[in-house]
Amino acid sequence: MANTIATGLANDAIAQESLAALVKELSWFQSINFRPTTTEVMKGQDLVLTIPSAVSAQDFGASGYANADQTLTSVACTVDQHKFVAYGILDGEQDASLVNLVDSFAQVNGHALATAIITDVLADIETAKASDIPAGQQKTITEANFGLDDLITVGADMDNAGIPSVGRWGIVSPAYHAKLENELITTISNSSVDVSGTLTSGVLGRVRGFNLYSCPSLTSSEAVFGCRDSLLVASAVPGLPEVTDGGQISYVTEPSTGLTVQRRVNYDYSAASLNTVLALYYGSKVVRADTLITVVAS
């Protein structure tokens, strides 16, 4: 039976702040179908999730306001990725400043997990380029030539392809993101356009209908554009094993998103170290490759 060892205020804070940092780095996921769950699953299990299907307007006629079927499409996402971060806090460190400990561990933990998840999602997109993303939606634009005009063209291409305008997003490599930042700041003089976020924090915000994010994990593609239904990411937690070493297993949930990680804590008496593992399962897939547009440099 798991006991209730004192995990320490610093350790609790690090776990919570690590999760908060993870959610911040995954801010792009608010634009896609991101489905975290607290469900305990087996690695490799399929989570069957539902996504609303498209609806068409009807003509009013003899049937009046007849109901039309509102359907939900079932999509299976295999939760086949198991990632974790682990750290130990020595007794002497436990006595040190809580702020220093949180700062030291939380940000790197969140960044490490976020990088792993995003890298796998981007790998799915690269795989889809081979056969699923229409050739006309795979563009070549060099960094020197990339700018706001290309963003406008991508938006128009998505309009012509019938891709929903609501919930459009773009993830852009840092170099291409910087090109957009420079152009936005230097060419837009209309005082009604707020570029303060770009100037103070390098955030482009919403441009030409896209929520734009800088993504250093992009490799083969320099930019990817899509809408909410383009991608699906599902997360869950490993099953709860029996604890026999005096440790403790619990869950930490970020309240605004529901993203949950499993926390495993044990104390190593010989090393005088309180050791913690933060782990989660997740899976990702391209749901509608026909709604994606990719950009490569050459």
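Remember, it's a predicted structure, so these values are computed and weren't measured experimentally.

Bringing the side chain of Glu222 into the picture now. Mapped onto the elements of the fold, Glu222 is located in the loop between strand S8 (210-214) and strand S9 (223-226). Look at Glu222: it is buried, it has no salt bridge, and the nearest opposite charge is Lys129 at 9.7 Å. Aside from chain neighbours lying at most four places away, what touches Glu222 is Ile171, Val172, Ser173, Tyr176, Val295, Val296 and Ala297.

On to the sheet that holds S9, then. Here we have six strands laid out as an open sheet, ordered S5-S14-S9-S6-S8-S7, and mixed in their pairing. Strands at the two margins of the open sheet, each flanked by one partner only, are strand S5 (138-140) and strand S7 (205-207). For this sheet, the mean inter-axis angle between neighbouring strands, taken without regard to orientation, is 25°. Relative to S8, strand S6 (residues 169-172) is paired through four bridges, and the arrangement is parallel. Following the sheet pairing, Ile171 is matched in S8 by Tyr213. Here helix H4 (residues 148-160) sits on the sheet and contacts S5, S7, S8, S9 and strand S14 (293-296); the angle it forms with S8, its principal contact strand, is near 130°.

Attention shifts here to the environment of His82. Examined against the element boundaries, His82 turns out to sit in strand S4 (residues 81-90). Residue classification places His82 among the partly exposed positions, given a relative accessible area of 36%. Spatially, the C-alpha atom of His82 lies 8.4 Å from that of Pro238, the residues being 156 residues apart in sequence. The contacts of His82, once residues within four sequence positions are left out, are Lys43, Pro238, Ala279, Leu280 and Tyr281.

Turning our attention to the nonpolar core. Side chains that are nonpolar tend, in soluble globular proteins, to be buried together. Counting residues in each nonpolar core, the largest one holds 44 residues, and the members touching the most others are Trp28, Phe29, Trp169, Ile171 and Leu231. When contributions to this core are tallied by element, the ones reaching two or more residues are helix H1 (9-25), S4, helix H3 (98-131), S6, strand S10 (231-238) and strand S13 (273-286). A per-element tally of this core places H3 first, with 12 residues. Formed by 20 residues, the second largest nonpolar core is a distinct cluster that contains Val154, Ile163, Leu212 and Ala223.

Parameters at a glance
- Residues numbered from 1 in each chain as written.
- Predicted model: local features only at pLDDT ≥ 70, side-chain atom pairs only at ≥ 80, totals over all residues.
- Heavy atoms only, no water.
- Helix = DSSP H or I, 4+ residues; strand = E, 2+ residues; numbered from the N terminus.
- Buried < 20%, exposed > 50% of the residue type's maximum accessible area, 1.4 Å probe, protein only.
- Lys, Arg positive; Asp, Glu negative; His and termini not counted.
- Salt bridge = Lys/Arg side-chain N within 4 Å of Asp/Glu carboxyl O.
- Contact = heavy atoms within 4.5 Å.
- Pairing = 2+ DSSP bridges.
- Axes fitted to C-alpha atoms, helices over the stretch in contact; angles between N-to-C directions.
- Core = buried A, V, L, I, M, F, W, Y, C linked by side-chain atoms within 4.5 Å.

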